[in-house]
Amino acid sequence: EAAVTQSPRSKVAVTGGKVTLSCHQTNNHDYMYWYRQDTGHGLRLIHYSYVADSTEKGDIPDGYKASRPSQENFSLILELASLSQTAVYFCASRWPGQGTGNTLYFGEGSRLIVV
Amino acid sequence: GDSVTQTEGLVTLTEGLPVMLNCTYQTIYSNPFLFWYVQHLNESPRLLLKSFTDNKRTEHQGFHATLHKSSSSFHLQKSSAQLSDSALYYCAENYNQGKLIFGQGTKLSIKP
């Protein structure tokens, strides 16, 4: 079974503070992703990575940075947390494969509340 | 750019009735891959089913969907709803190598 683990699972952060969400996968997948989930907006892609030491911007990258120091680890960094970044964040991984239909495996989610 | 639209935010049904959740998409690619992911309460999303082939029915766990490229649709159906089907359902499209775009999600609530 695919395994993607996130930490912390829940966090309360102060506006203007720095937040780091971590993701670790043992699937040996090349691709990793960070999504945020908001009611009415679904899952929106923040950053993703195809390979270690390289990250790409997703659809809503503003206010977020990403780091992929190894194949297994992918972090999402909020340098200056804002109220609008209160959400549930999901990390995911998948095989690249030849096609584009490979399954996305999600972590348990990290609930972030910015106050 | 590409987009996925789920028109219903909430669908409430009585147990035993048929389920149909709508999904349409827009893409510049001629061969998109379409997915349905399901997320139960306090869980993470997981794949329910997927399709790449035009006009071919795909089934899994009692649910089915058919990709219709002519209408850019990939509706999710089930003949008889169960209480355990209550969940959040996402339609998604792989619109670029490695990238998935999700719809807004439809919350399905099944009542006894």
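An account of the accompanying structure is given in this report. Computed from a predicted model, the values in this text were never measured in an experiment.

All right, on to the overall build of chain B then. The helix and strand tally for chain B stands at zero helices and 12 strands. In terms of C-alpha radius of gyration, chain B reaches 13 Å, essentially the compact-globule figure of 13 Å for 112 residues. Seen through its C-alpha atoms, chain B measures out along the principal axes to roughly 40 × 30 × 20 Å. Counting all 112 residues of chain B, 48% fall into the buried class. Across chain B, contacts joining residues at least 24 apart in sequence account for 54% of those joining residues at least 6 apart. In chain B, 9 positive and 8 negative side-chain charges are present, and the distance between their average locations comes to 3 Å.

Let's shift gears to the pattern of salt bridges. Side chains carrying opposite charge are able to pair once their charged atoms draw close together. Enumeration according to the criterion identifies five salt bridges over all chains in this entry. The partner of A:Glu79 in a salt bridge is A:Lys65, with the nearest N and O atoms 3.7 Å apart. In this pair, A:Glu79 is assigned in the loop between strand 8 (73-78) and strand 9 (87-94) and A:Lys65 in strand 7 (residues 65-67), connecting sequence segments 14 residues apart. According to the relative accessible area criterion, A:Glu79 is partly exposed, its value standing at 34%. In this structure, B:Arg57 engages B:Glu59 in a salt bridge whose closest nitrogen and oxygen atoms are separated by 2.9 Å. Beyond isolated ion pairs, a larger network of salt bridges with shared partners links A:Arg36, A:Asp38 and A:Arg44.

With that out of the way, let us pick up unusual backbone geometry. Cis geometry marks the peptide bond from A:Ser7 to A:Pro8; its omega dihedral reads -5 degrees. With respect to the helices, strands and loops of the structure, A:Pro8 is situated in the loop between strand 1 (4-7) and strand 2 (10-13).

So, about the layout of surface pockets. In this structure, the largest pocket spans a volume of roughly 720 Å³. As for the largest pocket, its lining consists of 27 residues, of which A:Gln37, B:Gln39, B:Leu41, B:Asn42 and B:Leu88 are closest to the centre. Counted by class, the lining of the largest pocket contains seven nonpolar, 14 polar and six charged residues.

The subject of this paragraph is the environment of A:Gly63. Residues and elements named next belong to chain A. Following the sequence through the fold, glycine 63 ends up in the loop between strand 6 (54-57) and strand 7. Assessed through its relative accessible area of 49%, glycine 63 is described here as partly exposed. Expressed as a C-alpha distance, the spacing of glycine 63 and glutamate 79, which sit 16 residues apart in the sequence, is 7.4 Å. If near-sequence neighbours (up to four positions away) are discounted, glycine 63 is found in contact with Ile77, Leu78 and Gln85.

Time to look at the state of the cysteines. Under the definition given, this model contains two disulfides over all chains. Between the sulfur atoms of A:Cys23 and its disulfide partner A:Cys91 the distance amounts to 1.9 Å. The sign of the S-S torsion, about -80 degrees, decides the handedness of the disulfide formed by A:Cys23 and A:Cys91: left-handed. With A:Cys23 in strand 3 (residues 19-25) and A:Cys91 in strand 9, this residue pair connects regions lying 68 residues apart in the sequence. On the basis of relative accessibility, which here comes to 2%, the residue A:Cys23 falls in the buried class. Two residues, B:Cys23 and B:Cys91, share a disulfide whose sulfurs are 1.9 Å apart.

One pass over the structure, following the stated rule, counts 17 aromatic pairs over all chains. Ring geometry for A:Tyr48 against A:Tyr50: centres 5.3 Å apart, planes inclined by 70 degrees, an arrangement best described as edge-to-face. Taking relative accessible area as the criterion, A:Tyr50 reaches 28% and is therefore assigned partly exposed. With centroids separated by 6.1 Å and ring planes inclined at 35 degrees, the aromatic side chains of B:Phe35 and B:Tyr37 adopt a geometry described as tilted. Accessibility assignment for this pair places B:Phe35 and B:Tyr37 in one class, buried. Against the face of B:Phe52 rests B:Lys69, its NZ or CZ located 5.7 Å from the ring centre.

Conventions used here
- Residues numbered from 1 in each chain as written.
- Chains lettered and ligands numbered in written order.
- Predicted model: local features only at pLDDT ≥ 70, side-chain atom pairs only at ≥ 80, totals over all residues.
- Heavy atoms only, no water.
- Helix = DSSP H or I, 4+ residues; strand = E, 2+ residues; numbered from the N terminus.
- Rg over C-alpha atoms; globule rule 2.2 N^0.38 Å.
- Buried < 20%, exposed > 50% of the residue type's maximum accessible area, 1.4 Å probe, protein only.
- Contact = heavy atoms within 4.5 Å.
- Lys, Arg positive; Asp, Glu negative; His and termini not counted.
- Charge placed at Lys NZ, Arg CZ, Asp CG, Glu CD.
- Salt bridge = Lys/Arg side-chain N within 4 Å of Asp/Glu carboxyl O.
- 1 Å grid on protein atoms, 1.4 Å probe; cavity = no way out; pocket = protein on both sides within 12 Å on 5 of 7 lines; lining within 4 Å.
- Points joined across faces, edges and corners; volume = space filled by probe spheres on them.
- Nonpolar A, V, L, I, M, F, W, Y, C, P; charged D, E, K, R; others polar.
- Disulfide = S-S within 2.5 Å.
- Phe/Tyr/Trp six-rings, centres within 6.5 Å; stacked < 30°, edge-to-face > 60°.
- Lys NZ or Arg CZ within 6 Å of the ring centre and 35° of its normal.

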